[in-house]
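# Descriptive analysis of the structure
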Amino acid sequence: MYLGLDLGTSGVKAMLMDGDQKVIGSGHGALTVSRPHSGWSEQAPQDWISACEEAIAGLKAQFPKELAAVKGIGLSGHMHGATLIDAQDQVLRPCILWNDTRSHQEAAMLDADPRFRALTGNIVFPGFTAPKLVWVKNNEPEIFGKVAKVLLPKDYLRLWLTGEYLSDMSDSAGTSWLDTGKRAWSKELLDATVLSEQQMPRLVEGTAQAGTLRSELASKWGLGSNVVVAGGAGDNAASACGMGTVAEGHAFVSLGTSGVLFAANGSYLPKPESAVHAFCHALPNTWHQMGVILSATDALNWYSGISGQSAGNLTAELGNELQAPTGVTFLPYLSGERTPHNDAAIRGAFIGLGHDSSRSVLTQAVLEGVSFAIRDSLEALKSAGTSLSRVTAIGGGSRSRYWLASIATALGIPVDVPADGDFGAAFGAARLGLIAATGADPVSVCSAPVTEAVVEPVSALQEGYEAAYQRYRALYPAIKSL
């Protein structure tokens, strides 16, 4: 058996899988986000441990014999989080999360140093780890002075699981300290933020052995000895392993809290000015590109709260047939935007409202706005040298066939829907656990799921969608000026 642990923003998922990659079951532990100030987003690392314990306890209650047979554990987690610990492994402050924008000035300062884009292949975004450390140095110098290690969220879980300070290439590529082409920490970039390589975890590939489970935890959960923990991956690279998106030209669109257009690459293809992320993949000698939008299902959930209707009810009101754009446009920049704008300060808007703008018209505009934001990422990927002929849909929003038809029509390419099953980050993490424990071939293990359905672009609406997208594109500079 193999265990995948995925530390998400809203909870920890523990997924149990057998050697044939059949999912046996899963457990869950809930998490909340603290927002003490506008633009801040934090979690207490101790809560990750509690949620992980809860998730594994749920598995143990249902599948004690299967859990006892675990030989490998893979880790996945939300990226970029600054988890600061002292020389005694004590947490110095709440973790500053991926969607925290307090360090936008520090990010701009680092990004103005040409070495950062040249070595990392990426813009220094406010959500990345390095500018957060500069913010701590500037605003909490007594804490900065005590930092012995900077760990990414999943790697804090690894420290608890194994006692080791280790990280993988895919997660570390989102820090602004990694030389992404060389897959190594950059002394130059660490020096620029007054940090050293000694304060970083040691780097391994996502498929490599990265510690073994501590005996007291193995005993507590009823596991044997020498349970291998894999290097693991950042959440999107782990999802790609779960989806089999590991070879050149394969891509997925993820409709989760944030939205991601992810393309696997056989070589390193940076183009930072496009605001496309160019990161290491979880498999050796592979990389990937991502366009990221900060509010995908988050935008629909926000509108759901405003309208007093569930997200499911709102999308059901639209019916099954894709509708032509109405002229009402929604910009989903509720917490700023990454690709292609790199703008932490921009905020969302409804444009074109009239007396006839019903609730369903606004729902349609929200879904289209997210679809057009993903189209922005497709255009950015094209400019960075990646051409896509189809994508696979994952994430909670992919349950809406209406939304998938909107995305297919906005992108102008088919969207594949995988057969029933959970092929996300926890499954990908379990696959990495299997590879690390057995030495199996990574590409063979990380195969794609069976496609259940294909959602084609609605050709009759493509002209209307293109016009609506061009209107959407024109709105960002208009509202930015305000």
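Please read all numbers here as calculations on a predicted model, not as lab measurements.

### Some points on the pattern of salt bridges
- Per the stated rule, a full pass over the model turns up 23 salt bridges.
- The salt bridge partner of Arg93 is Glu140, with a shortest N-O separation of 2.6 Å. Taken together, the residues span a long stretch of sequence, with Arg93 in the loop between strand E6 (83–85) and strand E7 (95–96) and Glu140 in the loop between helix H5 (129–139) and helix H6 (141–144) at a distance of 47 residues. Grouping residues by exposure puts Arg93 and Glu140 together as buried.

### Section: the UniProt feature "site: Important for activity" (unreviewed entry) in the protein chain
- In this numbering, the UniProt entry assigns the feature "site: Important for activity" (unreviewed entry) to Asp6.
- As for its placement among the helices and strands, Asp6 is situated in strand E1 (residues 2–7).
- Judged by its relative accessible area of 15%, Asp6 is buried.
- Residues in contact with Asp6, not counting those within four places in the same chain, are Gly11, Val12, Lys13, Ser76, Gly77, Asp235, Ala425 and Ala426.

### Details of the UniProt feature "domain: Carbohydrate kinase FGGY N-terminal" (unreviewed entry) in the protein chain
- This chain's UniProt record puts "domain: Carbohydrate kinase FGGY N-terminal" (unreviewed entry) on residues 1–242.
- The annotated region residues 1–242 carries 36% helix and 23% strand content, and the separation between its end C-alpha atoms amounts to 16 Å.

### Regarding helix H15 (residues 401–411)
- When you tally the buried positions in H15, you get 10 out of 11 residues, the bulk of the element.
- Listed as buried for H15 are Tyr402, Trp403, Leu404, Ala405, Ser406, Ile407, Ala408, Thr409, Ala410 and Leu411.
- At the C-terminal side of H15, Gly412 shows a positive phi close to 75°.

### Focus: the environment of Gln289
- Structurally, the position occupied by Gln289 is in strand E19 (residues 287–293).
- When the C-alpha positions of Gln289 and Gly72 are compared, they lie 28 Å apart, and in sequence the two are 217 residues distant.
- Excluding its chain neighbours within four sequence positions, the residues that come into contact with Gln289 are Leu261, Phe262, Ala263, Asn265, Leu269, Val276, His277, Leu381, Ala384 and Thr386.

### Quick look at helix H16 (residues 425–438)
- The end-to-end C-alpha separation of H16 is 20 Å, in line with the 20 Å expected for 14 residues at 1.5 Å each.
- Residues of H16 that are buried include every one of Ala425, Ala426, Phe427, Gly428, Ala429, Ala430, Arg431, Leu432, Gly433, Leu434, Ile435 and Ala436, and no others.

### Some remarks on the environment of Lys71
- Mapped onto the fold, Lys71 is located in the loop between helix H2 (64–68) and strand E5 (72–77).
- Residue Lys71 is classed as partly exposed on the basis of its relative accessible area, which comes to 47%.
- Setting aside its immediate chain neighbours within four residues, Lys71 contacts Met1, Tyr2, Asn226, Val227, Val228 and Ala437.

### Observations concerning the packing of helix H12 (residues 297–307) against helix H14 (residues 359–383)
- Put simply, H12 and H14 touch, their axes get as near as 10 Å, and they point 165° apart. As the angle between them shows, H12 and H14 are arranged roughly antiparallel. Note that H12 runs across H14; the crossing there is right-handed. Residues Ala299, Leu300, Tyr303 and Ser307 of H12 touch H14, and the partners they reach there are Arg359, Leu362, Thr363, Val366, Leu367 and Val370.
- Across the contact of H12 with H14, the residue classes tally to 7 nonpolar, 2 polar and 1 charged.

### Considerations on the domain arrangement of the protein chain
- Taken domain by domain, the protein chain consists of domain 1 (2–236) and domain 2 (245–422 + 450–481).
- On a C-alpha basis, the centroid separation for the pair domain 1 and domain 2 is 27 Å.
- With 31 residues of domain 1 at the interface, the matching set in domain 2 holds 30 residues.
- A buried area of about 2,400 Å², summed over both sides, lies between domain 1 and domain 2, and 61% of it is on carbon and sulfur atoms.
- Broken down residue by residue, the surface that domain 1 buries against domain 2 is led by Phe125, Arg183 and Asn236, which jointly contribute 26%.
- Viewed at the interface, domain 2 and domain 1 are joined by 0 salt bridges.
- Run the count over domain 1 and domain 2 and you get 9 residue pairs in polar contact (both at pLDDT 80 or more).
- Put simply, the parts of the chain that give the side of domain 1 that touches domain 2 at least two residues each are strand E2 (11–17), helix H4 (114–120) and helix H8 (169–172).
- Tallying contributions element by element places H4 first for the side of domain 1 that touches domain 2, with 3 residues.
- Its residues placed into classes, the side of domain 1 that touches domain 2 shows 12 nonpolar, 15 polar and 4 charged.

### Things to note about the sheet that holds strand E17 (residues 259–265)
- Ordered by their spatial adjacency, 7 strands build an open sheet running E18-E19-E17-E16-E22-E23-E24, and the pairing between neighbours is mixed. Both edges of this open sheet fall to strand E18 (277–280) and strand E24 (451–455), since each of them pairs with a single strand only. Neighbour-to-neighbour, the strand axes of this sheet turn through a mean angle of 30°, independent of strand direction.
- Those strands touched by helix H11 (residues 235–243) are strand E16 (251–255), E17, E19, strand E22 (391–394) and strand E23 (415–418), and its axis lies near 65° from that of E17.
- In the packing of H15 onto the sheet, contacts are made with E16, E22, E23 and E24, and the angle to E24 comes to roughly 55°.

### Some remarks on the state of the cysteines
- In this structure the tally under the stated criterion is 0 disulfides.
- Of the cysteine sulfurs around Cys95, a residue in no disulfide, the closest is that of Cys52, at 15 Å.

### Some details on unusual backbone geometry
- Here the residue pair Thr339 and Pro340 is connected by a cis peptide bond, since its omega of 0° sits within 30 degrees of zero.
- Inspection of the secondary structure puts Pro340 in the loop between strand E20 (329–331) and strand E21 (349–351).
- Even without a glycine there, the phi angle at Ser176 is positive, about 75°.
- Even without a glycine there, the phi angle at Ala275 is positive, about 65°.
- Exposure remark for Ala275: the relative accessible area of 0% places this residue in the buried category.

Parameters and conventions
Residues numbered from 1 in each chain as written. Predicted model: local features only at pLDDT ≥ 70, side-chain atom pairs only at ≥ 80, totals over all residues. Heavy atoms only, no water. Salt bridge = Lys/Arg side-chain N within 4 Å of Asp/Glu carboxyl O. Helix = DSSP H or I, 4+ residues; strand = E, 2+ residues; numbered from the N terminus. Buried < 20%, exposed > 50% of the residue type's maximum accessible area, 1.4 Å probe, protein only. UniProt positions renumbered as here; feature names shortened; annotations may be inferred. Contact = heavy atoms within 4.5 Å. Expected span 1.5 Å × (residues − 1). Axes fitted to C-alpha atoms, helices over the stretch in contact; angles between N-to-C directions. Parallel < 35°, antiparallel > 145°, perpendicular 65-115°, else oblique. Left-handed = near helix turned anticlockwise from the far one by under 90°. Nonpolar A, V, L, I, M, F, W, Y, C, P; charged D, E, K, R; others polar. Domains from an automatic or database assignment. Buried area = accessible area lost by both parts, 1.4 Å probe. Polar contact = N/O pair within 3.5 Å; in protein donor to acceptor, adjacent residues only side chain to side chain. Pairing = 2+ DSSP bridges. Disulfide = S-S within 2.5 Å.

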